[in-house]
Amino acid sequence: MSEKREEKGGMRQGQVKVLHLISSRGLYGAERIVVNLTAATDRERFTPSLALLQAAGKPNTELIEAIEEKQAKTHVVPSRRWVDLDAVRQIKQLVREEGIDLIHCHEMKGRLYGLLAARGTKARAMTTHHNWIRSDFLVTCFENFDGFYLRFFPKIVAVSQEVRQLMHRYLISDKKIEVIINGIDMQEFRRDQAARERIRQEFGIAPETPLIGTFGRLSPEKGQKHLITAAEQVLKTCPEARFLLVGDGFQGEEMREYAASLGIAEQVIFAGFRKDVAQLYSALDIFVLPSLLEGTPMALLEAMATALPAISSEVGGVGRIIEDGVNGLLVPPAEPEQLAAAILRLVKDRAEAERLAKQALVTIAERYSAQRMAEAYMQVYEELLEE
């Protein structure tokens, strides 16, 4: 298809160039959405690319590598401080040189830079709001600022109805907001027996040992401390069980010390950041999401796509994904006693665990594919460019 584009009825004809703009801390939920969306975008209609705002001393190249694997162009924009006007100028220059039609911004910093860079160019800017985490006072201040400038976007995608409702507090017009539920690549997340054996051997876990795991950055809103507390209780009844925490973050050392203080350091494995996330799911018997805040959690969708029985805190959009007792189990957030009881329930009743896992896979296939998500985003792109 020709790269030449003409204006017709407000819509650019031919391949529309979309630049995803994000400040990445690793390959977590928002980043995986960008990867899945890039992979599932119709290349006959759109040409996706990525601009990564890279903080000094924090290369975080995982997202770059993942996007390049999807055959999309990538750009690294150094950003030395939270507001770096040189970085904004570089993005604006990139938009002009590459002929970008639409800047799709993700997270706070990406939104601010995208709004500023789009000014004075022909590119339109839109954003996906994944969630606010309110982890500490400084972060909350930045998020309040984010809520202010969100209103300047002509189109905002919320990843759940709950995230949409949060934006109403900042007097953001509901007419600007579209809800698009996250989706995943069903081909990537499949049960892999060879990977299961390899990973269990790596961590010294016997084939028959119950392995319970969670994936996510180690930070307060992800609730790993409550899972560790629940693990102590589970191990009193099922001492052979093991727990796997995948991900890094500023609470890593604190969580290790907490596990040690409970006397379960040997039974709780901290795997850190891993590139083989899709294979790691296959090593588990039960997936747990102990979060205190969520939008539409990617890790939960991925676990369910791998046909794992899942237990989750009932927060954010989780209740729209899991129907308690049908395709997973729901527990109240920050209630380790109830979390421990749910884990023991599935450890003891493998038939129920298998039933929940099978229905979880059906749920993902029917409602949470990357193709469905991408088609919804492409419709938003087209509507925005027609305005």
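Data block above holds the structure.
Calculation notes
Residues numbered from 1 in each chain as written. Predicted model: local features only at pLDDT ≥ 70, side-chain atom pairs only at ≥ 80, totals over all residues. Heavy atoms only, no water. Axes fitted to C-alpha atoms, helices over the stretch in contact; angles between N-to-C directions. Helix = DSSP H or I, 4+ residues; strand = E, 2+ residues; numbered from the N terminus. Parallel < 35°, antiparallel > 145°, perpendicular 65-115°, else oblique. Left-handed = near helix turned anticlockwise from the far one by under 90°. Contact = heavy atoms within 4.5 Å. Nonpolar A, V, L, I, M, F, W, Y, C, P; charged D, E, K, R; others polar. Expected span 1.5 Å × (residues − 1). Buried < 20%, exposed > 50% of the residue type's maximum accessible area, 1.4 Å probe, protein only. Polar contact = N/O pair within 3.5 Å; in protein donor to acceptor, adjacent residues only side chain to side chain. Pairing = 2+ DSSP bridges. Phe/Tyr/Trp six-rings, centres within 6.5 Å; stacked < 30°, edge-to-face > 60°. Lys NZ or Arg CZ within 6 Å of the ring centre and 35° of its normal. Core = buried A, V, L, I, M, F, W, Y, C linked by side-chain atoms within 4.5 Å.

Asks: Any chance you could explain the packing of helix α4 (residues 107–118) against helix α5 (residues 137–150) here in plain terms?
Replies: The description of two packed helices rests on the angle between their axes and on the distance between the axes. Across the interface, α4 lies against α5 with an axial gap of 10 Å and an inter-helix angle of 40 degrees. Judged on the interaxial angle alone, α5 and α4 are oblique. Classified by chirality, the crossing of α5 by α4 is left-handed. Residue-level inspection shows Met108, Lys109, Arg111, Leu112 and Leu115 of α4 in contact with α5, the latter providing Phe142, Glu143, Phe145, Asp146, Tyr149 and Leu150. Class assignment of the residues belonging to the contact of α4 with α5 gives a composition of seven nonpolar, no polar and four charged.

Asks: Help me out: how do you make sense of α4 in this one?
Replies: Helical geometry: 3.6 residues make up each α-helical turn, so side chains three or four residues apart lie on a common side. Across its twelve residues, α4 extends 16 Å between first and last C-alpha, which sits within 8% of the 16 Å expected from 1.5 Å per residue. Across the twelve residues of α4, eleven count as buried, placing the element largely inside the fold. Turning to α4, its buried residues are Glu107, Met108, Lys109, Gly110, Arg111, Leu112, Tyr113, Gly114, Leu115, Ala117 and Ala118. Residue Glu107 occupies the N-cap position of α4, its side-chain oxygen lying 3.0 Å from the main-chain nitrogen of Lys109. Just past α4, the residue Gly120 takes up positive phi, approximately 80 degrees.

Asks: Mind showing me how you'd approach the sheet that holds strand β6 (residues 102–106) here?
Replies: For sheets, the rule is that strands pair by backbone hydrogen bonds, running either parallel or antiparallel. Spatially, seven strands are ordered β5-β4-β3-β6-β7-β8-β9 in an open sheet, and the strand pairing comes out parallel. The two strands at the open ends of the sheet, each matched to only one other strand, are β5 (73–79) and β9 (177–179). Sheet twist, expressed as the average angle between the axes of neighbouring strands with direction ignored, equals 25 degrees. Alignment of strand β7 (residues 124–129) against strand β8 (residues 156–158), held across three bridges, turns out to be parallel. Within β8, the position partnered with Thr127 by the bridge is Ile156. In this fold helix α3 (residues 85–98) packs onto β3 (16–22), β4 (46–55), β5 and β6, with an angle of close to 160 degrees to the strand it touches most, β5.

Asks: It is not clear to me how the sheet that holds strand β13 (residues 286–289) should be interpreted in this structure. Could you clarify?
Replies: With parallel pairing, six strands are arranged side by side in an open sheet as β12-β11-β10-β13-β14-β15. With partners counted over all chains shown, the strands left at the sheet margins are β12 (268–272) and β15 (329–331), one partner each. Averaged over all pairs of adjacent strands, the angle between strand axes in this sheet comes to 20 degrees, irrespective of strand direction. As defined by bridge partners, strand β14 (residues 310–313) adjoins β15 across three bridges and the pair is classed as parallel. Counted as the bridge partner of Ser312 is Leu330 from β15. Each of β10 (211–215), β13 and β14 touches helix α11 (residues 298–305); the most contacted strand, β13, lies at about 165 degrees to it.

Asks: Please clarify how the packing of α3 against α4 should be interpreted in this entry.
Replies: For the pair α3 and α4, interaxial distance at closest approach is 9 Å and the crossing angle is 55 degrees. With respect to α4, the element α3 is oriented oblique. Our pair here, α3 against α4, has a crossing hand that is right-handed. Within the contact between the two elements, α3 uses Ala87, Val88, Ile91 and Lys92 and α4 uses Tyr113, Leu116 and Ala117. Classifying every residue of the contact of α3 with α4 by side-chain character gives six nonpolar, no polar and one charged.

Asks: Can you help me understand the environment of Asp185 in this one?
Replies: Mapped onto the elements of the fold, Asp185 is located in the loop between β9 and α7 (193–202). Distance in space between the C-alpha atoms of Asp185 and Ala365 is 9.8 Å, their sequence separation being 180 residues. Asp185 has contacts with Asn36, Lys70 and Ala370, leaving out every residue within four places of it along the chain. A polar contact is formed between the side chain of Asp185 and the backbone nitrogen of Gln187, at a distance of 2.9 Å.

Asks: Would you mind showing me how to read the packing of aromatic side chains here?
Replies: Given two aromatic rings, their pairing is described by the distance between the two centres and the angle made by the two planes. Here the structure, examined in full by the defined rule, presents ten aromatic pairs. Between Phe215 and Phe287 the ring centres are 6.1 Å apart and the planes differ by 65 degrees, which places this aromatic pair in the edge-to-face class. With Phe215 in strand β10 and Phe287 in strand β13, the pair connects residues that are 72 residues apart, well separated along the chain. A relative accessible area of 8% means that Phe215 is categorised as buried. With centroids separated by 6.4 Å and ring planes inclined at 45 degrees, the aromatic side chains of Tyr377 and Tyr381 adopt a geometry described as tilted. With Tyr377 and Tyr381 both in helix α15 (residues 370–386), this residue pair falls four residues apart, about one helical turn. A relative accessible area of 1% places Tyr381 in the buried class. Three or more aromatic residues joined by ring pairs make a cluster, and in this case those are Phe189, Phe215, Tyr281 and Phe287. Lys225 extends its terminal NZ or CZ atom over the ring of Tyr258, reaching a point 4.9 Å from the ring centre.

Asks: Got a minute to help me understand the nonpolar core in this structure?
Replies: If you look at soluble globular proteins, the nonpolar side chains tend to sit buried side by side. Ranked by size, the top nonpolar core spans 55 residues in total, and within it Phe215, Tyr281, Phe287, Leu300 and Tyr381 carry the most contacts. Per-element tally for this core: the top contributor is α15, with nine residues. Sequence-distant contacts of Tyr381, that is, excluding residues within four places in its chain, are made with Val18, His20, Leu37, Phe46, Leu102, His104 and Met126.

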